[in-house]
Amino acid sequence: MMTRRFFIWTLQPRSALALACFSLIGLIAAVSFSRQPTTIHVRIAEDGGFMPDSIKAHVGEPLRLRLISDDVEHTFALGQSPVRPVTFKPGEPVNITLSFDKPGTYTFYTTTPSSLNFWRMRGVIEVSGDGEAQAADIPLYVHLGLELDKEHESDEEHVELANQPSAERGAVFVNQIPATMLTSDYYVLHSPMETFDELRGEPALQMLSDLVVWDVVAYVWAQHTTSAALIAGEKLYQVNCAACHGENGAGDGQFADEMKAIAEKNNDEHGIQAPTDFTDAEHLLEAKPAILQGLLLRGGMGTGMPMWGTIFTDEETWDLVAFLYSFQFKYQGVHQ
Ligand code: HEC
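First, a word on scope: everything that follows refers to the structure included in this document.

Once that is clear, we can look at the packing of helix H7 (residues 192-200) against helix H8 (residues 210-222). H8 packs onto H7 with a crossing angle of 120 degrees between their chain directions and a minimal axis gap of 9 Å. Considered as vectors, H7 and H8 are oriented oblique to each other. In this structure, H7 meets H8 at a crossing whose hand is right-handed. Here Pro192, Met193, Thr195, Phe196, Leu199 and Arg200 of H7 come into contact with H8, specifically with Asp210, Val213, Trp214, Val216, Val217 and Trp221. For the contact of H7 with H8, a count of residues per class yields nine nonpolar, one polar and two charged.

This is the structure in structure tokens:
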């Protein structure tokens, strides 16, 4: 206090006025500068995607963004947050304000399939400040030491089912199902095929046909999800996955033909592949939930399957995994 008063006394009245004016201007400039949103120009992935794709923010301070499309319609979505995706068109910029209550790195991305490489359109917001950073869970497959690419390969004969296994038909045999199969530890580590084999060995189920045992597997799988999770999983799927895997899971989304053509031309198992057909029993019935979740989190490392680990919460990934199995199993009557 003392030093400041001393400082003003030594100034001429006029220069004190000038100083006051300057600091007022400074203050106004600072305020209007902070009101100025950060502009993000957006173009299809092949022309640059989000520009800039790295933004800084501070905990508790609003982050204003102005989203401008330079070509076609795009969407701004923020991973691991309840922020609703915002769609914007060329000539119609949109302003949004985000705020963060935890430091960490947040990924933004698009949900508009604007071009073949739309899934590469991603950016990060680095949020600094006080508080505990967003905790990154150790993925289950890492925790369990599962090898995603190896575990999933199977030399078993192809599963072919005459009709879709129905949880409702399987429910009749509820009393013959070993209790361990209903624990989540069992679920994450067993493929439907392994569960089928175990049930096939149950003396109480010996007289059932293979098709009916598959109904019991569907019933077991139904016990590991809820209708709310399936609805949430389907929503996420239609927004984020259908462009490649197809609305009905048949691997026939809008980019499927193009990816298939690239795969055939390159003939490289590490390069772009055709999107998986989830209606084909081979993929899902031989896959453990922990592996599917792992592939989803990590992505296909160059195959064209995006990595979603920084985008979905743990719960969302399990909702998606549960929903994927519904391309094989009929849950009506068990989940309303
Ligand atoms: C840009 C296209 C694209 C999008 C979008 C996409 N995928 Fe994929 N996905 C692929 C491709 C291509 C493969 C096949 C990779 C391979 O053969 O190794 C694949 C494979 C997978 C697999 C592994 C299947 C198996 O049996 O090996 C899972 C699980 C999967 N996708 C789930 C999803 C989910 C869930 C979403 C949405 C959240 C999604 N994918 C979005 C292209 C895509």
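Okay, the side chain of Ser69 next. Considering the arrangement of structural elements, one finds Ser69 in strand E4 (residues 63-69). A distance of 3.2 Å separates a polar side-chain atom of Ser69 from the backbone nitrogen of Asp71. Within the structure, the side chain of Ser69 is placed 2.5 Å from the backbone oxygen of Val72, a separation counted as a polar contact. If sequence neighbours within four positions are ignored, Ser69 has contacts with Val42, His74, Phe88, Lys89, Pro90 and Gly91.

With that out of the way, let us pick up the coordination of the iron atom of the ligand. When a metal holds four donors in a tetrahedron, each ideal angle between them is 109.5 degrees; when it holds six in an octahedron, the ideal angles are 90 or 180 degrees. Looking at the iron atom of the ligand, the protein donor atoms are His245 (NE2) and Met305 (SD), and they sit 2.0 to 2.2 Å from it. Between the six donor atoms coordinating the iron atom of the ligand, the angles at the centre fall across 87 to 179 degrees, so the site counts as octahedral. Of this pair, His245 sits in helix H10 (residues 242-245) while Met305 sits in the loop between helix H13 (289-298) and helix H14 (314-325); the two residues are 60 residues apart in sequence, bridging distant segments of the chain. For Met305, a relative accessible area of 28% puts it in the partly exposed group.

Taken together, four strands build an open sheet; the order of strands is E2-E1-E4-E7 and the sheet is mixed. Taken across any chain shown, the strands that pair with only one partner, and hence form the sheet edges, are strand E2 (50-51) and strand E7 (94-98). Pairing between E4 and E7: five bridges, direction antiparallel. Bridge pairing in E7 links Leu67 to Val94.

The biggest cluster of nonpolar side chains holds 54 residues, and the ones touching the most others in it are Trp214, Trp221, Tyr237, Tyr325, Phe329 and Tyr331. Those elements giving two or more residues to this core turn out to be helix H6 (184-189), H7, H8, helix H9 (227-240), helix H12 (281-285), H13 and H14. Counting residues in each nonpolar core, the second largest holds 21 residues, with Ala57, Phe100, Tyr106 and Val127 among its members.

Another aspect to go through is the sheet that holds strand E5 (residues 74-78). With respect to topology, five strands assemble into an open sheet ordered E3-E9-E8-E5-E6, the strand pairing being mixed. Both outer strands of the open sheet, strand E3 (54-58) and strand E6 (86-88), are each paired with one neighbouring strand and no more. Across the sheet, the axes of successive neighbouring strands diverge by a mean angle of 25 degrees, strand direction being ignored. Bridge count between E3 and strand E9 (residues 122-128): five bridges; the pairing is parallel. Each residue of the ladder has a partner; that of Ile55, found in E9, is Ile125.

All right, on to unusual backbone geometry then. Cis geometry marks the peptide bond from Met51 to Pro52, where omega comes out at 5 degrees. Its place among the elements puts Pro52 in the loop between E2 and E3. Positioned with a positive phi, Gln80 is a non-glycine residue whose angle comes to about 50 degrees. Following the sequence through the fold, Gln80 ends up in the loop between E5 and E6. The backbone phi angle of Asn267 is positive, close to 50 degrees, even though this residue is not glycine. Relative to the helices and strands, Asn267 is located in the loop between helix H11 (256-266) and H12.

The terminal C-alpha atoms of H14 lie 17 Å apart, and with 12 residues this matches the ideal 16 Å at 1.5 Å per residue to within 8%. Listing the buried residues of H14 in full gives Thr317, Asp319, Leu320, Val321, Ala322, Phe323, Leu324 and Tyr325. Elements that come into contact with the buried residues of H14 comprise H6, H7, H8, H9, H12 and H13.

Definitions and limits used
- Residues numbered from 1 in each chain as written.
- Predicted model: local features only at pLDDT ≥ 70, side-chain atom pairs only at ≥ 80, totals over all residues.
- Heavy atoms only, no water.
- Axes fitted to C-alpha atoms, helices over the stretch in contact; angles between N-to-C directions.
- Helix = DSSP H or I, 4+ residues; strand = E, 2+ residues; numbered from the N terminus.
- Parallel < 35°, antiparallel > 145°, perpendicular 65-115°, else oblique.
- Left-handed = near helix turned anticlockwise from the far one by under 90°.
- Contact = heavy atoms within 4.5 Å.
- Nonpolar A, V, L, I, M, F, W, Y, C, P; charged D, E, K, R; others polar.
- Polar contact = N/O pair within 3.5 Å; in protein donor to acceptor, adjacent residues only side chain to side chain.
- Donors = N, O, S within 2.8 Å, 3.2 Å for Na, K, Ca; no water.
- Tetrahedral: all angles 85-135°; square planar, octahedral: opposite > 155°, others 65-115°.
- Buried < 20%, exposed > 50% of the residue type's maximum accessible area, 1.4 Å probe, protein only.
- Pairing = 2+ DSSP bridges.
- Core = buried A, V, L, I, M, F, W, Y, C linked by side-chain atoms within 4.5 Å.
- Expected span 1.5 Å × (residues − 1).

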